[in-house]
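Chain residues, written in single-letter form:
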Amino acid sequence: MVIDDKIVAGTLLCEKNFECMKNNMHVYCKVENCVNKKVHFIICVDNFHCGYKMVFGNSNMCTCPMRKEIFNKYKI
């Protein structure tokens, strides 16, 4: 996958060493729904801590610039 360097540089809170860029099998959270390529509702494979995961009612949202770009660009 090719992700803009500015997006990579702006992903400062990544605790997974950018594994999602190395292999699409390492995407930890599946995007369940996306609104205008800006708001990404996710289902996570486990309940790990992530600086980019936000609770929104009974759902979770992803604010990770890299994860959002991967979904927006590659639909993964």
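Residues numbered from 1 in each chain as written. Predicted model: local features only at pLDDT ≥ 70, side-chain atom pairs only at ≥ 80, totals over all residues. Heavy atoms only, no water.

Novice: What am I meant to see in a nonpolar patch on the surface here?
Specialist: A surface patch of nonpolar side chains, about 260 Å² in accessible area, is lined by Met1, Val2 and Tyr74. In this structure, Met1 sits in the segment before α1 (5-9). Looking at Met1, the relative accessible area reads 35%, which means it is partly exposed. (Patch = residues over 30% accessible without salt bridge, like charges linked within 9 Å, V, L, I, M, F, W, Y side chains within 5 Å. Areas by Shrake-Rupley, 256 points an atom, 1.4 Å probe, with all protein chains shown as cover. Salt bridge = Lys/Arg side-chain N within 4 Å of Asp/Glu carboxyl O. Helix = DSSP H or I, 4+ residues; strand = E, 2+ residues; numbered from the N terminus. Buried < 20%, exposed > 50% of the residue type's maximum accessible area, 1.4 Å probe, protein only.)

Novice: Where do I start with empty space enclosed by the protein in this structure?
Specialist: Gaps left between atoms show up when a probe the size of a water molecule is rolled over them. Scanning all chains against the criterion turns up one cavity of 30 Å³ or more. One number sums up the size of the largest cavity: a volume of about 260 Å³. In terms of lining, the largest cavity is formed by 21 residues, of which the most central are Lys16, Tyr28, Cys50, Cys64 and Arg67. Listed by contribution, the elements that provide at least two residues to the lining of the largest cavity are α2 (19-22) and α3 (65-74). (1 Å grid on protein atoms, 1.4 Å probe; cavity = no way out; pocket = protein on both sides within 12 Å on 5 of 7 lines; lining within 4 Å. Points joined across faces, edges and corners; volume = space filled by probe spheres on them.)

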